[in-house]
Amino acid sequence: MTTSIRRFDYAKSLEIGDIADFHKKTRQAIAVDGAVIVENALTEVDVDDIRREMAPYIESTPHGLHGLEKSRRIGALVARSPASHKAISHPAVLDACEAVLGEQQNKDKIVRRTHSPKGKGTYPWRLTLTQIIDVGPGQEQQGVHRGNGLWVHDLAGCGFDPQVETMWALTDFTEENGATHVILGSHLWEDVYDADKDPGTTTWFGPPPQETIRATMPKGSVLIWTGWTVHGAGANLSNERRVGMNIDYGVSFLAQEENQFLACPPNIARTLSPEMQKLIGYSQPGVALNYFADCLSPEVALREDYDVLRPGAHGLKLN
């Protein structure tokens, strides 16, 4: 077990043409430690563009809506911030999602079902949350927790990884301004909560059960961790705001934490790239999963001429 969060430079790997090795190392770090930091994943211009696009929404959002008195959380980034798409679909993050969620590489007892004749395949996964987290001066430390308690079920007993979470540094993350606390290796723990006090869940908020590591990182970096990794925001002891962007992904047969179909409705989603449309859920990951109306794939709803109230609007010919 390492005593610090392993970190790798994305821009440098691109420059020297070593992306395959980069992905191999980040996958290994997540498998062993439960978390990894990718530096220089976005440029300063990329980050500034996101903050500029989101500024009106941040400033108009009151503090404390999520119980943290001096913090603000703002979602719907796919629709509100085109600049955020570069982070949401970043190759380093998507590769980690494919390893952890699609291939379930951290698990050795998973049997993946598929409709492929050869019986091979991976779990489908998609975007589940987009959120700016703006932590103000004086904000106290958040209780450490796991992220996999969303679905009102003890998923730990199911033996698979349902979620990958990320935190992008839109400002420098320092120990003074509240860099995220992480307990390395905690994604492998069987139990980290009091079942008598919190039955049927896999998350809790409380003091760290052991020493944490701080995810300090420069602006433009991203911390990637699994939904089982114990983590929590640090206290902001500085005079500046610590601004991060929390983007999460999950297997497609579980509900999204942020309803992407409301956060980015069809009239906006139809303007997105096919990759982004698929990421937010406009696809059918299974034969009878996520269809709508007349057994239609969600992509049909993205057509400008589609109206669910018009008979035959799907344009399919009858036999």
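Refer to the structure above for everything that follows.
Residues numbered from 1 in each chain as written. Predicted model: local features only at pLDDT ≥ 70, side-chain atom pairs only at ≥ 80, totals over all residues. Heavy atoms only, no water.

Engineer: Go over helix α2 (residues 19-33), please, and point to the residues and values.
Structural biologist: Compared with an ideal rise of 1.5 Å per residue, which puts 15 residues at 21 Å, α2 spans 21 Å between its outermost C-alpha atoms and is within 8% of the ideal. Taken together, the buried positions of α2 are Phe22, His23, Thr26, Ala29, Ile30 and Asp33. What you see down the axis of α2 is that its buried residues fit within an arc of 130°, all on one side. For α2, the exposed residues lying more than 90 degrees away from the buried face are Ala20 and Lys24. As for α2, its buried residues are in contact with β1 (7-9), α1 (10-16), β2 (35-39), α6 (91-102) and β8 (222-226). Where α2 terminates, the next one or two residues include glycine 34, which has phi positive at roughly 85°. (Helix = DSSP H or I, 4+ residues; strand = E, 2+ residues; numbered from the N terminus. Expected span 1.5 Å × (residues − 1). Buried < 20%, exposed > 50% of the residue type's maximum accessible area, 1.4 Å probe, protein only. Arc of directions from axis to C-beta. Contact = heavy atoms within 4.5 Å.)

Engineer: Describe the packing of aromatic side chains, listing the residues and the values that go with them.
Structural biologist: According to the stated counting rule, one finds 6 aromatic pairs in the structure shown. Note on tyrosine 10 and phenylalanine 22: the rings are 5.5 Å apart at their centroids and 70° apart in plane angle, and the pair reads as edge-to-face. Pair noted here: tyrosine 10 is in helix α1 and phenylalanine 22 is in helix α2, with a separation of 12 residues, a long-range link. Given the relative accessible area of 10%, tyrosine 10 is considered buried. The class for phenylalanine 22 is buried, based on a relative accessible area of 2%. Summarising the aromatic geometry, the rings of tryptophan 125 and tyrosine 249 are spaced 6.3 Å apart at their centres and angled 80° between planes, so their arrangement reads as edge-to-face. Within this pair, whereas tryptophan 125 is found in strand β4 (residues 125-135), its partner tyrosine 249 is found in strand β10 (residues 242-251), the two being separated by 124 residues in sequence. As far as burial versus exposure is concerned, tryptophan 125 and tyrosine 249 are alike and both buried. Each member of the aromatic cluster is reached from another via a ring pair, and the members are Tyr123, Phe160 and Phe253. (Phe/Tyr/Trp six-rings, centres within 6.5 Å; stacked < 30°, edge-to-face > 60°.)

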